[in-house]
Amino acid sequence: MKYKSQKIAYWFFATCMLLFSLQIIYGFVMGFARIGMDGLHDFIPFNAARATHTNLLVVWLLTGFMGAAYFIIPDESGRELFSVKLAWVQLISLIVVGVVAIIGFHLNYWEGRKFLEIPRPLDFLVVVNVLMFIFNIGMTILKGNRYSTTQLVLFIGLLSAALLYLPGMIYFRSQTMDSYFRWWVVHLWVEGVWELIMGSILSYLLIKLTGVDREVIEKWLYVIVGLTFLSGLLGTGHHYYYIGTPKYWLMVGGIFSALEPLAFLGMALFAINMYRKSGREHPNKISLYWTIGCSIMSFVGAGFLGIAHTIPQVNLWTHGTLVTAMHGHMAFWGAYAMIVLAVITYCLPLLTGRKLWNNLPGLLSFWLANIGMTAMTGAFAVAGITQVYLERKMGMDFLTVQKEIQIHFVGLIAAASLFTIGAILFIYNFIKFGLPSDEAIVPENTSDEALYAAKRG
Ligand code: HEM
Ligand code: HEM
Ligand SMILES: [Fe+2]
């Protein structure tokens, strides 16, 4: 690393690893409950496990984005972070809010709004926390002496994500209105501003890993931002089909959301093209695997499996079934989990100064996690499609159908176990890297090759 303050990124990444592990544990609690092994029911009922699983996911991804920003923004701005102290206060308060929220879920202190289960009073603390973060990186950019497209798109993505949290905090008596604005958070995050965060981290990593000119890479970034806004904003309509909103949303949502895969396709073509243009062999190959892998898996999970159920004529049958869970897993994994794991893999050698890239656990972790997640997606798909036919086409009772599809959750648990071995290997490698060290600091104008070459053994 070039600036001492970048070390704070490590602690955000370490928090990520912890929350990711917990998320997986709650996934298994649900998986086993689904096959009738629900011994923990009195302490962790399904609804609490589900809310914990999905909220931990969102929080570890946001923590990863913040860690990435604390590493990338000083590098791109050419100066130390505005305040390391503030970043520490922010990290600790984020953990405290998270712990309170999760304990709350187990004590039935929650709001039954999917993905926005955190009770409103805690939302205010989240807002304060995010404001500290935005202020810190915003001041770093302002006081820095360099501006770049990558850095500004990252900042705008993070700022918009913060602003879009607010519509979910408004209180409505009407279920339709509440649902309407809930999607401003959930949809406009993952199919809007988070794509800017993903695109800019992708762009940063490709600049570093492929050595292709910044100008070329940043031109692609503009195209991706354009495609995202063109499709994603009105694409929100694909959640407005059946919640009591006017009928025109069927048309608007259908057409615009069908265009959304273009942005993900753009990112995949972008990454692959830059890789092919790459004039050098970067030492950190596994980080390149995660980066290119992310662009491809996000296209499959978000783009391909998204379009598979976004047309009203299909969504009419699949809405709210396990088909949604199929898409949700691969999309979140491909787009956002993988970009966070890519940036962690890139940064760890630079933060700690240890040459532990390209080892067997790292390589196995990439393949096992991805094969496992693909198989999990398959298990959810079989369960979901069967559910649609039995419950919605044949008219069988909901709970009877849930019993019929139980067997597919045995498959899910097997696939998830493979995935988990991959995740454990990733965390094992993370721990082996050890703590960040001042010895890893290099002069400002060091190139990426020299940066990697200069590391301690
Ligand atoms: C590895 C172990 C995992 C297992 C066993 C697991 C299992 C589950 C189960 C059973 C559900 C509830 C589905 C239902 O409604 O019945 C669920 C929901 C969900 N999980 Fe996982 N999961 C795992 C890991 C992950 C990972 C790594 C991610 C993201 C990268 C993820 C993202 C989600 C999402 C987004 C939902 C909500 C889906 C929806 O909206 O319908 N899960 N998971
Ligand atoms: C990385 C980007 C994406 C992620 C992380 C993601 C994740 C999710 C999740 C978690 C849900 C369930 C939300 C809920 O019920 O509260 C969902 C729903 C949905 N997604 Fe995505 N998605 C992404 C991109 C896309 C794209 C590009 C499309 C369309 C082409 C799409 C189409 C849909 C549709 C139609 C639903 C509603 C399913 C239903 O009716 O139950 N998604 N998505
Ligand atoms: Fe959406």
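Please refer to the structure placed before this passage.
This one's a predicted model, so the numbers in the text were calculated from it and none came from an experiment. The residue numbers shown here count from 1 along each chain, following its written sequence. Following the order in which they are written, the chains are lettered starting with A and the ligands numbered starting with 1. It should be noted that, the model being predicted, local features are given only for residues of pLDDT at least 70 and side-chain atom pairs only at 80 or more, the latter also being counted only at that level, while totals for whole chains, interfaces and linings use all residues.

*Asks:* Explain the site of ligand 1 here, please?
*Replies:* Neighbouring ligand 1 are 20 residues; Gly-27, Met-30, Ala-325, Gly-328 and Ala-416 lie closest to it. Put simply, DSSP H or I for four residues or longer makes a helix, DSSP E for two residues or longer makes a strand, and each gets a number counted from the N terminus. Among the elements of the structure, α1 (8-34), α2 (46-77), α12 (322-352) and α15 (406-433) are those that each provide at least two residues to the shell around ligand 1. A per-element tally of the shell around ligand 1 places α12 first, with seven residues. Residues are grouped as follows: Ala, Val, Leu, Ile, Met, Phe, Trp, Tyr, Cys and Pro are nonpolar; Asp, Glu, Lys and Arg are charged; every other residue, Gly included, is polar. Here the residues of the shell around ligand 1 are counted per class, giving 10 nonpolar, eight polar and two charged. For each residue, a C-beta atom is placed from the backbone, and the residue is labelled near a molecule or strand when this atom is within 6 Å of it.

*Asks:* What exactly am I supposed to notice about helix α7 (residues 214-235) here?
*Replies:* The α-helix winds at 3.6 residues per turn, so residues separated by three or four positions along the chain end up facing the same way. How far a helix is expected to stretch is found by multiplying one less than its residue total by 1.5 Å. With 22 residues, α7 extends 31 Å between its outermost C-alpha atoms, agreeing within 8% with the 32 Å of an ideal straight helix rising 1.5 Å per residue. Here the bend at a residue is taken as the angle between two axes, fitted respectively to the seven residues that end there and the seven that start there. Phe-229 marks where α7 bends most, by close to 25°. Residues with at least 20 neighbouring C-beta atoms inside 10 Å of their own are called buried, those with 12 or fewer are called exposed, and the rest are partly exposed, where every C-beta is derived from the backbone. Among the residues of α7, Ile-217, Trp-220, Leu-221, Ile-224, Val-225, Leu-227, Thr-228, Ser-231, Gly-232 and Gly-235 are the ones counted as buried. A pair of residues counts as a contact when their C-beta atoms, built from backbone coordinates, are within 7 Å of each other. Residues of α7 that are buried sit in contact with α5 (149-163), α6 (175-210), α8 (248-259) and α9 (261-277).

*Asks:* What's the story with the environment of Leu-107 in this structure? I'm lost.
*Replies:* Along the chain, Leu-107 turns up in the loop between α3 (84-106) and α4 (120-143). Placed 59 residues apart in sequence, Leu-107 and Ala-48 show a C-alpha to C-alpha distance of 8.7 Å.

*Asks:* Quick question: what am I supposed to make of the nonpolar core here?
*Replies:* When a protein is soluble and globular, its nonpolar side chains tend to lie buried together. We call a set of buried Ala, Val, Leu, Ile, Met, Phe, Trp, Tyr and Cys residues a nonpolar core when their C-beta atoms link them within 7 Å. Ranked by size, the top nonpolar core spans 131 residues in total, and within it Ala-69, Tyr-70, Ile-197, Ile-201, Ile-339 and Val-343 carry the most contacts. If you tally residues by element for this core, the top one is α12, at 22 residues. If sequence neighbours within four positions are ignored, Val-343 has contacts with Ala-68, Ile-201 and Leu-205.

*Asks:* Would you explain the site of ligand 2 in this entry?
*Replies:* Near ligand 2, the surroundings consist of 26 residues, among which Ala-302, Gly-306, Gly-328, Ala-331 and Ala-335 are the closest. A total of six residues in the shell around ligand 2 trace back to one element, the largest contributor, which is α12. Looking at the shell around ligand 2, its residues break down into nine nonpolar, 14 polar and three charged.

*Asks:* Help me understand the packing of α6 against helix α10 (residues 285-307), please; the structure alone is not making it clear to me.
*Replies:* When two helices pack together, their arrangement is given by the angle between the helix axes and the distance between those axes. It is at 11 Å that the axes of α6 and α10 come closest, and there the two elements cross at 140°. Viewed along their axes, α6 and α10 adopt a mutual orientation that is oblique. When the axes of α6 and α10 are compared, the crossing they make is left-handed. Facing α6, whose interface residues are Leu-202, Leu-205, Leu-206 and Leu-209, α10 presents Ser-287, Leu-288, Thr-291 and Ser-295. Between N-to-C directions, angles span 0 to 180 degrees; the directions come from axes that are lines fitted to C-alpha atoms, helices contributing only their stretch in contact. By the definition adopted for this analysis, an angle is roughly parallel if under 35 degrees, roughly antiparallel if over 145, roughly perpendicular if from 65 to 115, and oblique otherwise. Less than a right angle of anticlockwise turn of the near helix away from the far helix marks a crossing as left-handed, whereas a clockwise turn marks it as right-handed.

*Asks:* I keep staring at the environment of Tyr-109 and nothing clicks. Help me out?
*Replies:* In this structure, Tyr-109 sits in the loop between α3 and α4. Overall, Tyr-109 belongs to the partly exposed group, with 15 C-beta atoms counted inside 10 Å. The spacing of Tyr-109 and Pro-119 is 10 residues in sequence and 7.1 Å in space, taken between C-alpha atoms. Apart from the residues within four sequence positions on either side, Tyr-109 is in contact with Gly-104 and Pro-119.

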